[in-house]
Amino acid sequence: MEIPFSRWHAAIRLRRSRRRYDSIPLDPSQLGQLQEVCTRFRPYPEARAEIIPESPDRVLRGVAGSYGKVKGSPSLIAFIGDINERYVNEKIGYTGEGVILEATAMGLGTCWVGGSMFFRRGRAESIVGTSKNERVFAVTPVGYAVKDFSAEERVQTAFGMFHRRKPLSEMVYGLAKKEWPDWIKAALEAARLAPSAINRQPWQFYVEPDNITISVDSPLLEWGISKRLDCGIAMLHIEVAALDCGVKGRWELLKAPHVARFTV
Ligand SMILES: Cc1cc2nc3c(=O)[nH]c(=O)nc-3n(C[C@H](O)[C@H](O)[C@H](O)COP(=O)(O)O)c2cc1C
């Protein structure tokens, strides 16, 4: 499937993690549209997304404090990958974020939920029917988020702290800012808005005139969620913004501590 870059670029600016939903089932036509994106947006054979069109209560769980507690969502999407694939986390992040941006463009709420502390992986896998080599790496609720952030949801995001982003100056190296072409400006701004587990923003971007290299700030596995998955999400944001500037590029996946290079 071709990336609907204008639609997804607009969604990048609109998306926020939502954890409170009206318990209304998804409209069947919206469910069908999402299903189609899950089926057609398969840039990598080792990663896929599947809708679980039933109450997610059996799959989601909250943890200490309120981080991770999702209420009311009628459905879930599971992000599934092949555990034998070296770059599976990057591929899950890239693929899953495409589905998340499409859901956002459709006016639906989502929230990446990763790590077995936050969801019951075994249950998700038995509902989806994964094969021997597959694992559910993350899920997202999907549904109609309550219109306004409730007091409870505001507390969950530490009154917006979990949505705040580091300035680009803390994460970008290489070519001086004044020499960045428009597509690099747009791509880095879009990458900065990418969601990451506990908002850790674990990426660094090395800029050259015709490429951006993403690296991870440390190899630690925090909260049982690979930082390379977060970087996979940032990869999609970079590509969507570049395409929206009329610039095509291609990804090369790299060994740690680097993650991937986008060259135009
Ligand atoms: C891989 C991944 C895992 C996440 N896991 C959880 C989670 O288990 N519970 C939760 O409430 N939020 C989770 N989040 C959402 C982040 O907390 C959120 O993206 C981040 O705080 C930035 O906020 P924003 O998405 O509103 O921009 C996760 C995000 C990512 C990318």
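Everything quoted here is computed from the prediction, not taken from an experiment.

Caption draft 1: Highlighting helix α1 (residues 5-14). Among the residues making up α1, those that are buried are Trp8, His9 and Ile12. For α1, the arc enclosing every buried residue in end-on projection is 105 degrees, short of the 170-degree limit, so these residues lie on one face. Every exposed residue of α1 that faces more than 90 degrees away from the buried side is listed here: Ser6, Arg13 and Leu14. For α1, the secondary structure elements touched by its buried residues are α3 (88-105), α6 (182-192) and α7 (227-244).

Caption draft 2: Representation of the domain arrangement of the chain within the structure. Partitioning the chain into domains gives domain 1 (5-156) and domain 2 (165-263). Computed over C-alpha atoms only, the centres of domain 1 and domain 2 are separated by 22 Å. For the side of domain 1 that touches domain 2, the element with the most residues is α3, which contributes eight residues. Considering only residue class, the side of domain 1 that touches domain 2 consists of nine nonpolar, nine polar and four charged.

Caption draft 3: Just the packing of α6 against α7, in detail. Axis separation between α6 and α7 bottoms out at 8 Å; the angle between their running directions is 145 degrees. Note that α6 runs across α7; the crossing there is right-handed. Between α6 and α7, the residues in contact are Trp183, Ala186, Ala187, Ala190 and Ala191 and Ala234, His237, Ile238, Val240, Ala241, Ala242 and Asp244, respectively. Taken together, the residues of the contact of α6 with α7 break down into ten nonpolar, one polar and one charged.

Caption draft 4: The site of the ligand, seen in detail. Surrounding the ligand, one finds 23 residues, the nearest of these being Trp112, Gly114, Phe118, Pro195 and Asn199. Sorting the residues of the shell around the ligand by element identifies β4 (113-114) and α7 as the ones contributing at least two each. If you tally residues by element for the shell around the ligand, the top one is α7, at three residues. Looking at side-chain class alone, the shell around the ligand contains 13 nonpolar, seven polar and three charged residues.

Caption draft 5: Just the sheet that holds strand β7 (residues 203-208), in detail. What the five strands build is an open sheet, ordered β6-β7-β8-β10-β9; its pairing is mixed. Both edges of this open sheet fall to β6 (172-174) and β9 (250-253), since each of them pairs with a single strand only. Each strand of the sheet is rotated relative to its neighbour by a mean of 20 degrees, with strand direction disregarded. As judged from the three bridges shared by β6 and β7, these two strands associate in the parallel manner. Along β7, the bridge assignment pairs Val172 with Phe205. α6 rests against β6, β7 and β8 (211-216) of the sheet, and its axis sits at about 175 degrees to β7. Against the sheet, α7 touches β7, β8, β9 and β10 (258-263), its axis set at about 160 degrees to β8.

Caption draft 6: A look at unusual backbone geometry. A cis geometry characterises the amide bond from Ala256 onward to Pro257, with omega recorded as 5 degrees. Locating Pro257 in the fold gives a position in the loop between β9 and β10. Positive phi outside glycine occurs at Ile198, with the angle close to 40 degrees. In this fold, Ile198 is placed in the loop between α6 and β7. Its 15 C-beta neighbours within 10 Å are what place Ile198 among the partly exposed residues. With a phi close to 45 degrees, Gln201 is a non-glycine residue in the positive phi region.

Thresholds, definitions, all that
- Residues numbered from 1 in each chain as written.
- Predicted model: local features only at pLDDT ≥ 70, side-chain atom pairs only at ≥ 80, totals over all residues.
- Buried ≥ 20, exposed ≤ 12 C-beta atoms within 10 Å, placed from the backbone.
- Helix = DSSP H or I, 4+ residues; strand = E, 2+ residues; numbered from the N terminus.
- Arc of directions from axis to C-beta.
- Contact = placed C-beta atoms within 7 Å.
- Domains from an automatic or database assignment.
- Nonpolar A, V, L, I, M, F, W, Y, C, P; charged D, E, K, R; others polar.
- Axes fitted to C-alpha atoms, helices over the stretch in contact; angles between N-to-C directions.
- Left-handed = near helix turned anticlockwise from the far one by under 90°.
- Near = placed C-beta within 6 Å.
- Pairing = 2+ DSSP bridges.

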